[in-house]
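# Coordinates in review
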Amino acid sequence: MEVLRGDYPSSPMGVLQDFSMTRDQAHILVVEDEASHAELIRRAFQSQANHALLTFVGCIQDATMFLAQQVPDLLLTDLRLPDGDGLELLKTQNPEDSSYPVVVMSSHGDEEKAVNALKAGASDYIVKSSSQFFEIPRIAERAMREWSAIRDRQKAERALQKAYVQMEQHVHERTRDLRTANFKLQQEIADHKRTVIALQVAKEGAEAATKAKSAFLATMSHEIRTPLNGIIGMTSLLQKTLLSEKQEHYIKTVHSCSETLLSVINDILDFSKIEAGELAFEIIDFDLLQLFEDTLEILSEKAKEKDLGLVGFVFSDVPTYVQGDPGRLRQVLLNLLGNAIKFTLAGEVFAQLSLIEETQEEVLVRCQVSDTGIGISPETVQRIFKPFSQGDSSTTREFGGTGLGLAISRQLVEKMRGEIGVESSRGKGSTFWFTARLAKQAGQKSLESSPRQNLKGRRVCCVADHSAERFLITQYCLEWKMECSTTANPEEALTLIQDATQQKNPFDAVIIDWKISGMDGVALAKEIKRDVTIQDPLLVLMSPSGKEEEKNVLSRAGFSGYLSKPLRKDNLRMCLEMILEKQPGFTDHVVSKSLVTHHSVRKVRESKVESRDDSYILVVDDYKINRDMTVIMLEKLGYHADTAQNGQEALDAIGKRSYALVLMDCQMPGMSGLEVTAEIRRQESSYNIGDEKTQQAKGTKHRIPIIALTANAMEGVRKTCIQTGMDDYLAKPITIASLAKVVQRWCP
């Protein structure tokens, strides 16, 4: 380390300038009148790379002037100086409260003076000799270290003494205060006893009111959801039948109003549970990618009605298999996506799911929903997550809603140890986001898309209006090691395809949106097919309808694939794999030569549910419309169903036939669903008791899976059902998708 110094001999001004430039180093003031000795001291510090700033003066007067203006970290002084004895420098400070350590240097024969210096307060001394000069850095460092320790100890002792005095004073004051407080306490005890009695009475009254409120909410939930279950279910089934345009409009209106009413009821119930502190979360395994894409699919019809682009993109590093409450996570997603669609009049809604951080046990994911809607003003953003709050009164009149959705979402996100926020400005759209911490599933690894080798290096051209769809397809193609070009202009698309052919690097597939810049996607496909200069690429159409009956029209137009929007990652990948397998040079023993659709992709990925004579399911519900609707849904899933309208009929039916599954309504007149379940389990248990002859006489009785069907959305109902002997829980109103999921779980 370079040793910095002032000129020798130094003036006080020069010393101060050198000192201020490198104050972070240990600053040593050297008082030495012999230049040769000063040079030896400087060399000693340089040779040992000592981190020190050395300032040299040659007399007591200069040293005194320096010390009056600056405090060094160490004073190294000779005893014999031109203008006096170096011991005089020790008198400038109080030995008991010294500001810096002092090391004195003496010649041979002056050892007595050195001893006197130690008595006067010096930290150490050195007898000048050629060998001793090189010991000065080590002695200086030791002196500063010991001096620092002594100073710390002295400071601690003074602080301890001060604290002791303060403590005695405090004890005296507290003793006096306690005497006064003791007298007041005796008076307050009597008041407190009276207050406790009053609080107990108030507590009992509040508990009674809470129980009454919970009972009322449970009853209202059941009474309202039960008919809604029938309305929503039946209108869903009715929409799949042949209807006139006017009838279809009427049915859609009824269905939409029913869902709106259900949403309002759900918001009010959730908000009530949050206020009561009864909002519980379950921790179960689920597929995050599937939940994300399923949620988008639920809202695809609403986006289609407004001609909006609805796109969901999941980054490749996001884990698939996680643990948490999928229902609550879906609830937040539905709220943000539903709001984005509601408040967007034109353009697109783009949802992204990304990974923020990951450990061995859990992940932090971020969901972001961006739209091109009406936006939110800065003053409104401040209150948007508060209950019963919307943009303004005109927003409520035009778009409806309770103003509870975002407030509930905030509570749910906080329960998932995450945050929620928004970035928006009036007229420029909004971006809502939230984060959630989810545990990883034990022993599971996320499934990454693993395309077949025939996708690697293949070239794709994407023609789509919405930038989010172009981004999604580009990113997925890059993940699958494909090349992708995109455009929103039909004329530019034709040019890209023509140029690729001329450069002998043609596109293998062209993905076309159903409508591009006002042009029909089918019309663009026909233009591509008519152009003889284009090497015929495989064509895939993206459409929000995805109707199976459009297959013939698209096949004639030259399409090889047909996918519904919003695009699902695996559907896109498998569609490309399946159509590319049809090209020359690729074998195809599995895939049909007809048009590849999302239906055919699903058939390849999942086994189809087939009707089986032995798969009878018993539907127990006192509400006839719900019974009929559930039976129709089960028949569409390929199952036979019997019905019972009360508990006794259910027990009689089970005694006559062995059912693969029982769908049990919880609240029925007479014998409730919980009581029926308890009786069924009791009867099953009796068949396992007794000797071998008794069992042979009674026959074999298997344990029937029982699924709770209930319109009671209050927390704790699921736990009660499971404790009673039921195996699963399905909240009303049910859909064919939710019914299929639970039935296939217990009756595959």
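The coordinates are above.
Residues numbered from 1 in each chain as written. Predicted model: local features only at pLDDT ≥ 70, side-chain atom pairs only at ≥ 80, totals over all residues. Heavy atoms only, no water.

### Things to note about the packing of helix α21 (residues 673-686) against helix α23 (residues 717-724)
For the pair α21 and α23, interaxial distance at closest approach is 9 Å and the crossing angle is 25°. One finds that α21 runs roughly parallel with respect to α23. Facing α21, whose interface residues are L674, T677 and A678, α23 presents T720, C721 and T724. (Axes fitted to C-alpha atoms, helices over the stretch in contact; angles between N-to-C directions. Helix = DSSP H or I, 4+ residues; strand = E, 2+ residues; numbered from the N terminus. Parallel < 35°, antiparallel > 145°, perpendicular 65-115°, else oblique. Contact = heavy atoms within 4.5 Å.)

### Concerning empty space enclosed by the protein
Within this structure, the stated rule accounts for 4 cavities of 30 Å³ or more. In this model, the largest cavity occupies a volume close to 70 Å³. Taken together, 13 residues line the largest cavity, and the ones lying closest to its centre are L329, L353, V365, C367 and F434. When contributions to the lining of the largest cavity are tallied by element, the ones reaching two or more residues are α7 (288-298), α9 (326-342), β13 (362-371) and β15 (430-440). Counting residues per element, the lining of the largest cavity draws most heavily on β15, which supplies 4 residues. When grouped by side-chain class, the residues that make up the lining of the largest cavity number 11 nonpolar, 1 polar and 1 charged. (1 Å grid on protein atoms, 1.4 Å probe; cavity = no way out; pocket = protein on both sides within 12 Å on 5 of 7 lines; lining within 4 Å. Points joined across faces, edges and corners; volume = space filled by probe spheres on them. Nonpolar A, V, L, I, M, F, W, Y, C, P; charged D, E, K, R; others polar.)

### Topic: the packing of aromatic side chains
In this structure the tally under the stated criterion is 5 aromatic pairs. With 4.7 Å between their ring centres and 75° between their planes, F313 and F315 make a pair best called edge-to-face. Ring plane angle 75° and centroid distance 5.9 Å describe the contact between F350 and F471, whose orientation is recorded as edge-to-face. In this pair, F350 is assigned in strand β12 (residues 348-358) and F471 in helix α13 (residues 467-479), connecting sequence segments 121 residues apart. Judged by relative accessible area, F350 falls into the buried class, the value being 12%. When its relative accessible area of 28% is taken as the criterion, F471 is described as partly exposed. Three or more aromatic residues joined by ring pairs make a cluster, and in this case those are F313, F315, F350, F471, Y476 and W480. The cationic tip of R42 hangs over the ring face of F56; the distance from NZ or CZ to the ring centre is 4.6 Å. Lying over the aromatic face of F507, R459 brings its terminal NZ or CZ to 4.4 Å of the ring centre. (Phe/Tyr/Trp six-rings, centres within 6.5 Å; stacked < 30°, edge-to-face > 60°. Buried < 20%, exposed > 50% of the residue type's maximum accessible area, 1.4 Å probe, protein only. Lys NZ or Arg CZ within 6 Å of the ring centre and 35° of its normal.)

### A look at a nonpolar patch on the surface
Together, Y164, V165, M167 and V171 make up a nonpolar patch on the protein surface, roughly 370 Å² of accessible area in all. Mapped onto the elements of the fold, M167 is located in helix α5 (residues 136-239). Since its relative accessible area comes to 46%, M167 is described here as partly exposed. (Patch = residues over 30% accessible without salt bridge, like charges linked within 9 Å, V, L, I, M, F, W, Y side chains within 5 Å. Areas by Shrake-Rupley, 256 points an atom, 1.4 Å probe, with all protein chains shown as cover. Salt bridge = Lys/Arg side-chain N within 4 Å of Asp/Glu carboxyl O.)

### Notes on helix α3 (residues 60-69)
Regarding α3, the residues found buried are I60, D62, A63, F66 and L67. The buried side chains of α3 occupy one side of the element, clustering within an arc of 160° when seen end-on. With respect to the buried face of α3, the exposed residues turned more than 90 degrees away are Q61 and A68. (Arc of directions from axis to C-beta.)

### Topic: the sheet that holds strand β25 (residues 640-644)
As summarised here, the arrangement of the 5 strands in space is β25-β24-β26-β27-β28, forming an open sheet in which the pairing is parallel. At either end of the open sheet lies a strand with only one pairing partner, and these are β25 and β28 (728-731). Direction aside, the axes of adjacent strands within the sheet are offset by 20° on average. The strands touched by helix α24 (residues 736-746) within the sheet are β24 (616-620), β26 (661-665), β27 (706-710) and β28, with β28 carrying the most contacts at an inclination of about 170°. (Pairing = 2+ DSSP bridges.)

### Observations concerning the environment of Q475
With respect to the helices and strands, the residue Q475 is situated in helix α13. Considering only alpha carbons, one finds Q475 and V314, 161 residues apart in sequence, at a separation of 9.7 Å.

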